[in-house]
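Given next are the chains, with one letter for each unit.
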Amino acid sequence: MDPALVKLALGGIALLGCIGLFFGIGLALAAHKFAVEANPLIEEVLESLAGAQCGGCGYPGCEGYAIAVVTNPEVPPNLCFPGKEKVAERVAQLTGKKMTAVEDMIALVRCSRKEGRVSHKHEYIGFASCTAANLGFGGPSSCNYSCIGLGECAESCPFDAIAMVDGFPVVNPDKCVACGTCVRACPKKVIELMSLKARVHVPCSTKDLGKNVRKVCEVGCISCQMCVKKCPAEAIAYTDGLITIDHPKCIAYGPECQEICVEKCPRNIMRKYEGRVAIARQADGLKMAS
Amino acid sequence: MTSLLTFPKGGVHPPASKGLTENLAIEVMATPDELEIILGQHIGAPCTPTVAPKDAVQEGQVIGEVTKGLGVPLHAPVAGTIKSFGMSGHPMRVSAPSITIQTNKEAAPVQYSRCDWQKLAKEELLAKVHGAGIIGIGGAGFPSHVKLSPPPDNPVDTLILNGAECEPYITADHRQMLERAQEIVEGALVILKILGITKCFIGIENNKPDAIKTMTEAAAAVSTPEHTVVVQPLQVKYPQGSEKQLIQAITGRKVPGFALPSAVGVVVHNVSTARAIYDAVVLSKPLYEKVMTISGKGIKRPANLLVKVGTKVSDIVEYLGGVTPELAKIVMGGPMMGFAVSSLDIPVTKTTSSVLFLAEDEIDTTPHSQCIRCGWCLEACPMGLEPKEVGLYVEAGRPQDTGQFGVFECFECGCCAYVCPAKRPLVQFVRLAKMKAKR
Ligand code: SF4
Ligand code: SF4
Ligand code: SF4
Ligand code: SF4
């Protein structure tokens, strides 16, 4: 080979080596200068969390919550929903915070449009997502408050706890950890988190006037407020067009009322809540209907 | 003859479809028995009622007022009785709070007479515009008195009246320019006085030669050495009537990203808003009537109607003899930027410019498919954005990452969706992206 070429090649290698060395030293110095003091407690808390990255705590990822719960005395230790009581206890212990009760909650779909035989007010052509369909005059369902059924909740659930059965979301109680991701995903706000110990519930989200509800849905709540009047515990309220139940109050009152609200509801939409049993039954019913 | 002006980037040429109504004179529709006045008609907080159920009201009486922030008052379009407060259908919000008025059929219509507005000071004129409830009735409903008080650090030197009416089907502005030319031009003089400037252009698309002629004559009649009103014919290209595009076509000035027209020294008003300002200032008449186009093969008798604000679409349909069996889709607004609705229980607001009853052969129901990356949407977009990327990101479940494609600059003109050979609902993707992306 031409010695001139060899010389050139060697020169090139030497030059590249020098550049590499220069940047290497630079990086090493930078790493030293800007090193972040890692807080071992944050690391420890992070390890104790469920690690599902579900965002249910309201922080960006598990690390976000770990940092917040360690550095901010206001942040309670029981926000990691998938971790349930065990994780909450551990976080409380690590951070020296007071352990607050962890209630077993579940996502509840507050709509019964299948049962109510709700029709479509128009045909929807477009991107198959609930939010997109909702942009077109509130979605195709005749009830403007009903579930649209394109499964954005199911898609959003980090625990795969929602199955779409014949275009309607069904929550699997064994998988749902009540992280609330679906509640945030649903553009119709028909999903809410409810205590598994709840005694009664209203699976309807309409805020419309009774006469309009009757036109579109066979079972929807007509806001007659019978339940509000009859409840001896004063646990039921009608706020903002919607029936809301103060579950702790209802549970505290106990079985003595014999669920008079359920009995008096003319639409049979105030229902007994039998926890997991009822949900399983609802799922079976939908499967059979489909 | 001046050469035809236009904006430089993008744009499309949808069929004009104006033949159904362009030769029909504006017809005054009989007042229905009941009106539903939506409380939030302008951009800003909705009005709070200043009346109570069972109250008797006079035509033109204030019935709602904004308590804080941006907004204008709301007036009773008829004499009658307040029946109730409730909810009414709304093309975008599905339902919205409203006041229902029972019309008193016996009451004589109010007569308004001219006042000597030239004697009034700028502040008095502005107060009249505000008090009459004037908003941008050709567009989104931005309160006009705010537009007429540009920030002092942006001196304005040009007024543009928008008579482009580039949306297919709609002929309401066209008819007003033919039938109300003097009033529009006098409205322009009022605006010039408020702004303290001397130059006004009226932009009209070249497919309305009769309107160009009538308006040119009316403009020449009022032009003096002190203030000039000049009609500027424009090339027929959608969206010629969009604010930023119109400014660039007429003045050559480019409004930067998120800035307002006043940033380049321009204020734009629709011709129908100019007429409403004429009503407000010259006649002291509040805004409670609306000229609108009812068109499409799905309605028995297409028309240009003058209706009371609060008239329900169902009343209009009845007045025009009902719908035809071919009706397939109802759109409130134009076919490019309007909103499809599936109810007739929707009252007209100050900003409703048309209701279209479209037959099967006037719409396209082909389901959309995958993007073939033809790039047509990029070419069509007048803002120079990348609609296809927004669509792909939304489909991939990443709407939050679409800020980089300028979604917030998109004004939803629909050019991209119009040209897309894959029929992709690009505007819908953008609207979804806007809800989830970070600014
Ligand atoms: S519950 Fe909400 S997100 Fe789930 S399918 Fe129904 S509308 Fe969609
Ligand atoms: S009325 Fe209630 S149950 Fe019926 S469709 Fe509407 S939200 Fe669902
Ligand atoms: S009784 Fe039934 S229908 Fe009446 S308000 Fe209560 S839940 Fe609704
Ligand atoms: S016009 Fe439609 S198919 Fe073509 S690049 Fe744009 S989105 Fe894709």
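Residues numbered from 1 in each chain as written. Chains lettered and ligands numbered in written order. Predicted model: local features only at pLDDT ≥ 70, side-chain atom pairs only at ≥ 80, totals over all residues.

Draft legend 1. Spotlight on the overall build of chain A. When helices and strands are counted, chain A shows 12 helices and 8 strands. By the compact-globule yardstick of 19 Å for 290 residues, chain A is too spread out, its C-alpha radius of gyration being 28 Å. Taken along the three principal axes of its C-alpha coordinates, chain A extends 100 × 55 × 35 Å. For chain A, with 290 residues in total, the buried portion stands at 38%. (Helix = DSSP H or I, 4+ residues; strand = E, 2+ residues; numbered from the N terminus. Rg over C-alpha atoms; globule rule 2.2 N^0.38 Å. Buried ≥ 20, exposed ≤ 12 C-beta atoms within 10 Å, placed from the backbone.)

Draft legend 2. Spatial organisation of the packing of helix H4 (residues 181–195) of chain B against helix H5 (residues 209–222) of chain B. Residues and elements named next belong to chain B. It is the contact of H4 with H5, at a shortest axis distance of 9 Å, that shows an interaxial angle of 45°. For the element pair H4 / H5, the angle class is oblique. Crossing angle aside, the handedness with which H4 passes H5 is right-handed. Of the residues in H5, those in contact with Ala-181, Gln-182, Val-185 and Leu-189 of H4 are Thr-214, Met-215, Ala-218, Ala-219 and Val-222. Along the lines of polarity and charge, the residues of the contact of H4 with H5 split into 7 nonpolar, 2 polar and no charged. (Axes fitted to C-alpha atoms, helices over the stretch in contact; angles between N-to-C directions. Parallel < 35°, antiparallel > 145°, perpendicular 65-115°, else oblique. Left-handed = near helix turned anticlockwise from the far one by under 90°. Contact = placed C-beta atoms within 7 Å. Nonpolar A, V, L, I, M, F, W, Y, C, P; charged D, E, K, R; others polar.)

Draft legend 3. Here's a closer look at the domain arrangement of chain B. All names here are of chain B. Under the domain assignment, chain B is made up of domain 1 (117–282) and domain 2 (376–436). Computed from C-alpha coordinates alone, the two centres of domain 1 and domain 2 are separated by 30 Å. Per-class residue counts for the side of domain 1 that touches domain 2 are 2 nonpolar, 3 polar and no charged. (Domains from an automatic or database assignment.)

Draft legend 4. Here's a closer look at the interface of chain B and chain A. The interface of chain B with chain A comprises 16 residues on the first partner and 12 residues on the second. At the level of elements, strand S8 (94–103), strand S16 (339–341) and helix H12 (426–436) of chain B are the ones that each hand at least two residues to the side of chain B that touches chain A. It is H12 of chain B that contributes the most residues to the side of chain B that touches chain A, 5 residues altogether. Class assignment of the residues belonging to the side of chain B that touches chain A gives a composition of 10 nonpolar, 5 polar and 1 charged.

Draft legend 5. Here's a closer look at the site of ligand 2. With respect to spatial proximity, 15 residues lie near ligand 2, and among them Cys-143, Ser-146, Cys-204, Cys-217 and Gly-220 of chain A are the closest. The residue inventory of the shell around ligand 2, partitioned by class, reads 8 nonpolar, 6 polar and 1 charged. (Near = placed C-beta within 6 Å.)

Draft legend 6. A look at the site of ligand 3. Of all residues adjacent to ligand 3, which total 14 residues, the nearest are Cys-221, Cys-224, Met-226, Cys-227 and Cys-265 of chain A. For the shell around ligand 3, the class distribution of residues is 11 nonpolar, 2 polar and 1 charged.

Draft legend 7. Expanded view of the confidence of the model for chain B. Put simply, chain B has an average pLDDT of 95, and 100% of its residues get 70 or more. Two numbers describe this predicted complex: its pTM, 0.87, and its ipTM, 0.88. (pLDDT = per-residue confidence, 0-100.)

Draft legend 8. Representation of the pairing of strand S2 (residues 162–165) of chain A within the structure. Residue and element names in this part refer to chain A. Where S2 and strand S3 (residues 168–171) come together, 4 bridges link them in antiparallel fashion. Bridge assignment links Ala-163 to a residue of S3, and that residue is Val-170. Counting the residues in the hairpin turn of S2 and S3 gives 2 residues, including Asp-166, whose phi is positive at 50°. (Pairing = 2+ DSSP bridges.)

Draft legend 9. Examining the pairing of strand S11 (residues 228–234) of chain B more closely. All names here are of chain B. The element S11 is largely enclosed, with a buried count of 5 among its 7 residues. Judged from the 7 bridges that link them, strand S10 (residues 199–205) and S11 form a sheet pairing that is parallel. Note on S11: the bridge partner recorded for Lys-199 is Thr-228. Handedness of the crossover is the feature at issue here: the chain leaves S10, passes through H5, returns alongside S11, and the resulting connection is right-handed. (Right-handed = clockwise from strand over helix to strand, strands pointing away.)

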